Amino acid sequence: MTEPALGEDLPLSAPHPLAATLFSPPASPNGAVLIAGAMGVPRAFYAAFAQHLASQGFATLILDYRGIGGSAPASLRGFEASVHRWAEEDLGAALDALERRFPRLPLLYVGHSIGGQLLALVPRLERVSAALLVASQSGYWRLWPGAGKYAIWALWHLAVPFFTRTLGFLPLGRLGMGEDVPSGVAREWAQWGRDPKYVFSYAAPRGGLGFGSFQRPLRSYAISDDRYAPEPTVRALVDFFTATRGELRVVEPHHAGAKKIGHFGFFRPRFRDTLWKEAAAWLHAQLPPPGTAPRNVG
């Protein structure tokens, strides 16, 4: 049995100091993976999955976006942050760090929820050899089926404006949905959610960014019992990527021997021998053949 990989603190040099942890395999890695987490979810949640990928030969980096977890200030009131800066600066710095540490390895991207939404906004996306998205969706409220659309409408139109105005941040922690989120992040997130183009509304005036240029393999998981990212919303995000043929993989809980998975279950250790095994196999399949240069190396 492969020994578990140990995490190494790897602070990132971005405009705001960022906490990050690198998991390295016991032998030489054959690829480097960046895990971009969900809204308000600290990096520790992804540590077991990152450790698993390291045991499969991938150097794997997890980080806290500015304002979250180990990258949070003492108070979020007045703290400047935005969703697009999470992508452009925080995730950009994380990929830079992996590129410096492993200059000859292919870079791969795993995005959960908003982490997948931000893929197209990451600088120099051509260095990413493949992307695996989990429960990553367009957040436009009309895409939700049934009564769910009204709950999302209320989040974007009522809850976010109210809480950010009265508290100076979005109290996701008090709502049982993760950690509190900086006001600027929440307001931009809600602005996107009110627009049919969602995150593409930010990318379109900037030439489409990675949505129109990313040509590498893209797999996106939709979880059938996920009320935060139902299949139509996941499909809508995949459809924004026009330069690649994105694969939509719909997973039902019984496929993984479970009664439920939901929005966060994919990254729980009970799926080590099912969903994790499949994800690692897909990432391995995207690596270049031995003896060839990775696609991110010019």
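Our structure's up above, just so we're on the same page.
How each quantity is defined
Residues numbered from 1 in each chain as written. Predicted model: local features only at pLDDT ≥ 70, side-chain atom pairs only at ≥ 80, totals over all residues. Heavy atoms only, no water. Core = buried A, V, L, I, M, F, W, Y, C linked by side-chain atoms within 4.5 Å. Buried < 20%, exposed > 50% of the residue type's maximum accessible area, 1.4 Å probe, protein only. Helix = DSSP H or I, 4+ residues; strand = E, 2+ residues; numbered from the N terminus. Contact = heavy atoms within 4.5 Å. Polar contact = N/O pair within 3.5 Å; in protein donor to acceptor, adjacent residues only side chain to side chain. Pairing = 2+ DSSP bridges. Axes fitted to C-alpha atoms, helices over the stretch in contact; angles between N-to-C directions.

Overview of the nonpolar core
Counting 68 residues, the largest nonpolar core has L34, L91, Y109, L118, L119, L121 and F211 as the members making the most contacts within it. A total of nine residues in this core trace back to one element, the largest contributor, which is helix α2 (residues 83-101). Among the nonpolar cores identified, the runner-up in size contains 37 residues, and L108, A130, Y221 and F271 belong to it.

Quick word on helix α8 (residues 231-240)
All of the buried residues along α8 are T233, V234, A236, L237, V238 and F240. Here the buried face of α8 lies against α3 (114-117), β6 (128-134), α6 (200-203), α7 (210-213), β9 (218-223) and β10 (247-251).

Let's talk about the environment of R101
Turning to its location among the elements, R101 is positioned in helix α2. Taking the relative accessible area as the measure of exposure, R101 reaches 37% and is therefore partly exposed. As for R101 and L121, which are separated by 20 residues in sequence, their C-alpha atoms are 22 Å apart. Discounting chain neighbours no more than four positions away, the residues touching R101 are E8, L10 and L22. Side chain to side chain, R101 and E8 meet in a polar contact 3.0 Å long.

A word on the sheet that holds strand β3 (residues 31-36)
The strands making up a sheet are joined through hydrogen bonds of the backbone, oriented either antiparallel or parallel. Spatial ordering of the open sheet is given by β1-β2-β4-β3-β5-β6-β9-β10, a layout of eight strands whose pairing is mixed. Two strands bound the open sheet, and with one partner strand each, they are β1 (7-9) and β10. The average angle at which neighbouring strand axes cross in this sheet is 20°, direction not considered. Relative to β10, β9 is paired through five bridges, and the arrangement is parallel. What sits directly across from S220, in β10, is L248. Strands β1, β2 (20-23), β3, β4 (58-63), β5 (107-112) and β6 of the sheet are contacted by α2, whose axis makes an angle of about 165° with β3. Of the strands in this sheet, β6, β9 and β10 touch α8, which is tilted by about 165° from β9.

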